[in-house]
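Inside the fold
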Protein chains: 2
Amino acid sequence: MKSLDKLISLFRRFPGVGPKQAERFAIYTVKAAEGEVEDLVEALRAVKSLVKYCAECWNYSEGGRCSVCSDTARDRSIICVVEHPQDVAAIEKTKTFAGVYHVLHGAISPTEGITPGAIKLKELSDRVKASNGILKELIIATNPDAEGEAMAIYLTRLLSKYVPKITRIAYGVPLGGDIDYLDEITLGYALKGRVKI
Amino acid sequence: MKSLDKLISLFRRFPGVGPKQAERFAIYTVKAAEGEVEDLVEALRAVKSLVKYCAECWNYSEGGRCSVCSDTARDRSIICVVEHPQDVAAIEKTKTFAGVYHVLHGAISPTEGITPGAIKLKELSDRVKASNGILKELIIATNPDAEGEAMAIYLTRLLSKYVPKITRIAYGVPLGGDIDYLDEITLGYALKGRVKI
């Protein structure tokens, strides 16, 4: 069936979707109520037409500025740098951060061909340089993997002249984890970073 | 963001999609080219409007009859009964079956509230009864799980009067599997069903 095959091939492009799951999604569409498919069509189009970059932090936003940047109560002296918009949502859920964000939309990766120009790096650099003494701290919350670590080092070298303090989120044992299942590097960091109780 | 949250909630309804994956799908949509989202919209609508049941075997089809049922070279003396349209595709890929199919669209399951009336069971029964001696064999290829097994027994009781032979697909060791990782019931079946080499 041509129409079903076409839909399966489009679902295959979704991140992490294999042939079986794409097939299940297509069958789900066939079985779904007419209204449900139209809801999906409308939501897809709405996202495509409404969601843009926030002019300040490059997170996704429906207006010119995202909800964080347009909140005057947020502390503009701290910028938390993350790789992806999902990371902002994750940090917001912790309710422990009152500053603002900068979304890079990736990390430099020579193996994946992600160059400095492909991410919002110049935008961060410009923003930091234009902060005129307001900015006190840059928290680097890129992923704790090879690219994220390299990004943290790169950003520190690039921006330490322009901001009084650059910090990195703490490494340690994740809550609920089993210590004997943890890799030795994380455990090593957890020991080195121990705090008095 | 309202539009993004709405799209995420709709992706959550897709089979096997959790909150994280739904979020990734929504972000994928934001990043996708305008044309790609419109292709998806078009494919969704095409599937919804074109894909119907095959009038003979209840598989999905774009015309009145599916490609198998409209193929005059297929052997109408053997009907292979499956639970889902995906099972037809899987069996077709083996290129070992020249008969026709009957898609039940599920298996009776008291725990999941799937009654005999909720699946294409009466349609199978009517089809078998109306076969006027053409039908020689019914292969039951329902899933090898509790519901599929019960379905096989149920169908045998219901239809053995109307068809000369009712068979069940063979149980045994799957190729590429490790014998010592296999459950003892499957392995027992593989031993009982051994064939001369």
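Residues numbered from 1 in each chain as written. Chains lettered and ligands numbered in written order. Predicted model: local features only at pLDDT ≥ 70, side-chain atom pairs only at ≥ 80, totals over all residues. Heavy atoms only, no water.

1. Side note on the interface of chain B and chain A
The interface is formed by 45 residues belonging to chain B together with 45 residues belonging to chain A. Buried area between chain B and chain A, both sides added, is near 4600 Å², and the carbon and sulfur share of it is 68%. Together, B:Leu44, B:Lys48 and B:Tyr60 form the three largest contributors to the area buried by chain B at its contact with chain A, with a combined 15%. At the surface where chain B touches chain A, the tally comes to four salt bridges. Here A:Glu36 ties to B:Arg13 by a salt bridge, and the two come within 3.2 Å at their closest N and O atoms. If you list the elements that add at least two residues to the side of chain B that touches chain A, you get α1 (2–11), α2 (19–31), α3 (34–50), β2 (60–61) and α4 (85–94) of chain B. Counting residues per element, the side of chain B that touches chain A draws most heavily on α3(B), which supplies 14 residues. Looking at the side of chain B that touches chain A residue by residue, the class counts come to 26 nonpolar, six polar and 13 charged. (Contact = heavy atoms within 4.5 Å. Buried area = accessible area lost by both parts, 1.4 Å probe. Salt bridge = Lys/Arg side-chain N within 4 Å of Asp/Glu carboxyl O. Helix = DSSP H or I, 4+ residues; strand = E, 2+ residues; numbered from the N terminus. Nonpolar A, V, L, I, M, F, W, Y, C, P; charged D, E, K, R; others polar.)

2. Focus: the domain arrangement of chain A
What the domain assignment lists for chain A is domain 1 (2–49) and domain 2 (75–168). Measuring from the centre of the C-alpha atoms in domain 1 of chain A to the corresponding centre in domain 2 of chain A gives 34 Å. (Domains from an automatic or database assignment.)

3. Concerning the sheet that holds strand β4 (residues 99–103) of chain B
Residue and element names in this part refer to chain B. Here four strands make up an open sheet; going across it, the order is β4-β3-β5-β6 and the pairing parallel. Where the open sheet ends on each side, the last strands, each with one partner, are β4 and β6 (165–168). Taking the axes of each pair of neighbouring strands and ignoring which way they run, one obtains an average angle of 25° across the sheet. As paired elements, strand β3 (residues 75–82) and β4 share five bridges and run parallel to each other. Within the sheet, the bridge partner assigned to Val-81 lies in β4 and is His-102. Each of β3 and β4 is contacted by α4, which is oriented at about 160° to β4, the strand it contacts most. In the packing of helix α6 (residues 146–159) onto the sheet, the strands contacted are β3, β5 (137–140) and β6, and the crossing angle to β6 comes to about 175°. (Pairing = 2+ DSSP bridges. Axes fitted to C-alpha atoms, helices over the stretch in contact; angles between N-to-C directions.)

4. Section: the relation of the copies chain B and chain A
Laying chain B over chain A is done by rotating through 180° and shifting 0.1 Å along the axis; what remains is an RMSD of 0.1 Å. The superposition of one copy onto the other is thereby described by a two-fold rotation axis. Rotation axis and chain B: the residue whose C-alpha lies nearest the axis is B:Val41, separated from it by 2.8 Å. (Least-squares fit on C-alpha atoms with pLDDT ≥ 70 in both.)

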